[in-house]
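Each chain, written out:
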Amino acid sequence: MHDTSAHAAQHRAPTSFIRKYVFSLDHKVIGKQYYALALLAALVGMTLSWLMRLHLGWTNLVIPGLHFLTKNGAPANVMTPEFYLQLMTMHGTLMVFFVLTTAPFAAFGNFFLPIQVGAEDMPFPRFNMMSFWVTFLAFIVLMLPFFLGDGPTLGGWTQYAPLNAVGAVAGPGQGLGVVLWATSIALFCIGQLLGSLNFITTTLDLRVKGMSLMRLPLSAWAWFITSCMGLTAFSVLMPACILVILDHVAGTSFFVPSGLVLNDQLVPHSGGSTLLWQHLFWFFGHPEVYIAIVPGIGIVSHILIANMRKPMLSQRVLIYCMGALAVLSYMVYGHHMFVSGMNPISSLAFSFPTLVITIPATITVLIWVFSLYGSRLRINSASLFALGFISMFVSGGVSGFFLAQPSIDIMLHATYFVVGHFHMVMGVAAMFGIFAGTYFWFPKMSGRMMNETLGKVHFWLSFVGTYCIFMPFHYLGLAGNIRRYSTFVDDFLQPLIPVHRWITVAALITGAAQLVFLYNLIHSRFWGKPAPDNPWEATSLEWSTATPPPWDNFGGAHPVVYHDPYQYGVQSSVGDYVMQASPEQVKTDHEEK
């Protein structure tokens, strides 16, 4: 790119409110829109989880106003088992798709990837705008079943066949609710595919002079690798959702076998395969775990380096590990199907790479830990949440060893053990990555600083609270507590009710702690202390431009990159660091070419 294109970009800057803030082509505005959508989805998902936890702790509890969410699922404001499953489905779908995928990848990636590579914008800004609005439409469609028909689907966020394809005979929400769910997810896939194409092209084609691939920040590498995963994974889930819709509205039978009887009714379909849905879904589903977690790995690494004031032991190895996680994620999807009657040889074939994928994850953690050793880590909200990410990633990952063994997984698969595992390693760890990125990049996004005291209060309440919630899930699973049960009437489950009540109280307190974050976010946006251009004395390109960045990111002057993004622990004219775009030469042993 040349200066003339920069001036042209400035000339194209929108002036109307609609083009500037609603249907904007600016990647930074689109990133903020994605973040706002993820925040809304998180608040809705958290509220649904509160309702579920109250029911699990006190089965016959009257919840005032519950009947407003459902026509038939809350007689006298007491939750029915069917409505519990509907809430569980919506909670899981919202959090996995519209929070854990949207915030760390689409929101932060949209805002900062072009700036970190020195570009003015994404190469396909209209596709970028479309990606958000298609995703927003998907969110609206997902919420519609609360107001239409007999409520949302109750099939869980995995929507296992054949219940996802046989219609209303399978229960509340299994007719129109499933069609709207599948439509929503298909739309979400389209939005993510559009976004992934932009991310890949931005990374490969729009890097400024001197910005080799090995000089990309770790966060940019994480977004690039994630977009490659998304391009393959979402292109599998989208046609699977279309096939479900066809089973409902066109009389096809992709997922319905012959001779199926439900509620004493013979289902008039034949020839389909229930396992076909599992194969299609989990070929997407396990890469989705890393679509949620790899951006967190990159964001956390980027933040830790800036606060340690020294590079990681090996930036290249971290990049290779993220790439290995992406490749191996497609080879392990079958471990979700150990209880499906899989051939033992096939189980072994999926068990082995499930154990192998722990190797790059372990190497990543070891690089973090040994890089932290001996460093003078700056303690702030961003670095605390980065450390919390590592803790959750390790604690949740350890329990994955048990689930990688088919003989053990068969016993634990349908229990709370699995729920505890994936909430810690995928859910909470990714959320901590989102919080770390928010506290770190908020000054650049808004031009104001967040309150550090409130940020640290938010961290400690969240950190302790999440362990109080999800660690007992593992104990419940070992005790045989089946997941998806809404009540505990069996004798062996009665002693576990106090544990559920403990979890419910912890969930309510931890959820309330998120209101501290929400207040900090909103108050700081309007009344926070004005932020300098580089409050963290960081070195990558996003900190070398104005705060907040102008329309074309660098005010018409394209940066030239002279160093790798992590020149810390050196003597320079500005302190113990050298900006990536600074021509100042310093002696260093870790320069990437």
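Keep in mind that what you see is a predicted model, and the values were worked out from it rather than measured. (Residues numbered from 1 in each chain as written. Predicted model: local features only at pLDDT ≥ 70, side-chain atom pairs only at ≥ 80, totals over all residues. Heavy atoms only, no water.)

Caption draft 1: Examining the overall build of the chain more closely. Along its length, the chain carries 16 helices and 2 strands. Taking 593 residues into account, the globule formula puts the C-alpha radius of gyration at 25 Å, and the chain, at 24 Å, falls close to it. Referenced to the eigenvectors of the C-alpha coordinate spread, the extents of the chain come out at roughly 80 × 50 × 50 Å. The buried share among the 593 residues of the chain stands at 60%. Across the chain, the fraction of contacts at a sequence separation of at least 24, relative to all contacts at a separation of at least 6, is 78%. For the chain, the computed accessible surface area is about 22,800 Å², with 69% contributed by carbon and sulfur atoms. Distance between charge centres in the chain, computed from 26 positive and 24 negative side chains, equals 7 Å. (Helix = DSSP H or I, 4+ residues; strand = E, 2+ residues; numbered from the N terminus. Rg over C-alpha atoms; globule rule 2.2 N^0.38 Å. Buried < 20%, exposed > 50% of the residue type's maximum accessible area, 1.4 Å probe, protein only. Contact = heavy atoms within 4.5 Å. Areas by Shrake-Rupley, 256 points an atom, 1.4 Å probe, with all protein chains shown as cover. Lys, Arg positive; Asp, Glu negative; His and termini not counted. Charge placed at Lys NZ, Arg CZ, Asp CG, Glu CD.)

Caption draft 2: Local environment of the environment of Phe-417. Along the chain, Phe-417 turns up in helix α14 (residues 416–446). Taking the C-alpha atoms as reference points, Phe-417 and Val-570, separated by 153 residues in sequence, lie 47 Å from one another. Every residue in contact with Phe-417, bar those within four places of it in the chain, is listed here: Ser-399, Phe-402, Leu-403, Leu-412, Phe-473, His-474, Gly-477 and Leu-478.

Caption draft 3: Expanded view of the packing of aromatic side chains. Taken as a whole and judged by the stated rule, the model has 51 aromatic pairs. A ring pair is formed by Trp-221 and Phe-224, whose centres lie 5.9 Å apart and whose planes are at 75°; its orientation type is edge-to-face. A residue pair is termed a helical-turn pair when its members lie 3 or 4 positions apart in one helix, as Trp-221 and Phe-224 do in helix α7 (residues 218–249) at 3 residues. On the basis of relative accessibility, which here comes to 13%, the residue Phe-224 falls in the buried class. Centre to centre, the rings of Phe-470 and Phe-473 are 5.4 Å apart; their planes meet at 70°, and the pair counts as edge-to-face. In this pair, Phe-470 and Phe-473 both sit in helix α15 (residues 452–478), 3 residues apart, roughly one turn of the helix. The same class applies to Phe-470 and to Phe-473, which are both buried. Among the aromatic residues, ring-to-ring pairing joins Phe-97, Phe-98, Phe-139, Trp-157, Phe-188, Phe-234, Phe-255, Trp-277, Phe-281, Trp-282 and Phe-284 into one connected group. The ring of Phe-526 has Arg-525 lying over it, and the distance from NZ or CZ to the ring centre is 5.3 Å. (Phe/Tyr/Trp six-rings, centres within 6.5 Å; stacked < 30°, edge-to-face > 60°. Lys NZ or Arg CZ within 6 Å of the ring centre and 35° of its normal.)

Caption draft 4: Fine view of the confidence of the model for the chain. Overall, the prediction assigns the chain a mean pLDDT of 91, with 97% of residues at 70 or greater. A low-confidence stretch, residues 1–11 stays under pLDDT 50, and its non-local contacts, those more than four residues away or across chains, total 21 contacts. (pLDDT = per-residue confidence, 0-100.)

Caption draft 5: Structural detail: the layout of surface pockets. By volume, the second largest pocket is sized at about 900 Å³. Considering the residues around the second largest pocket, the lining is formed by 31 residues, among which Val-29, Lys-32, Gln-33, Met-445 and Arg-525 are closest to the centre. Elements that contribute at least two residues to the lining of the second largest pocket include exactly α2 (17–22), α3 (27–57), α5 (125–143), α14 and α16 (497–527). Take the lining of the second largest pocket: its biggest share by element is 9 residues, from α3. Taken together, the residues that form the lining of the second largest pocket break down as 22 nonpolar, 4 polar and 5 charged. (1 Å grid on protein atoms, 1.4 Å probe; cavity = no way out; pocket = protein on both sides within 12 Å on 5 of 7 lines; lining within 4 Å. Points joined across faces, edges and corners; volume = space filled by probe spheres on them. Nonpolar A, V, L, I, M, F, W, Y, C, P; charged D, E, K, R; others polar.)

Caption draft 6: Spatial organisation of the side chain of His-563. If you trace the backbone, His-563 turns up in the segment after α16. Among the residues examined, His-563 registers a relative accessible area of 3% and is labelled buried. Of the polar contacts made by the side chain of His-563, one reaches the backbone oxygen of Ser-582; its length is 3.0 Å. Within the structure, the side chain of His-563 is placed 2.9 Å from the backbone oxygen of Glu-584, a separation counted as a polar contact. (Polar contact = N/O pair within 3.5 Å; in protein donor to acceptor, adjacent residues only side chain to side chain.)

Caption draft 7: Just empty space enclosed by the protein, in detail. Across all of its chains, the model carries 1 cavity of 30 Å³ or more by this definition. Quantified by volume, the largest cavity comes out at close to 30 Å³. Surrounding the largest cavity, Tyr-34, Phe-105, Ala-106, Asn-110, Ser-131, Gly-191, Gln-192, Gly-195, Ser-196 and Phe-199 form its lining. Tallying contributions element by element places helix α6 (residues 176–205) first for the lining of the largest cavity, with 5 residues. Within the lining of the largest cavity, the residues separate by chemical class into 4 nonpolar, 6 polar and no charged.

Caption draft 8: Spotlight on the side chain of His-336. Here His-336 shows up in the loop between α9 (315–328) and α10 (344–356). Setting aside its immediate chain neighbours within four residues, His-336 contacts Tyr-160, Gln-278, Trp-282, His-286 and His-413.

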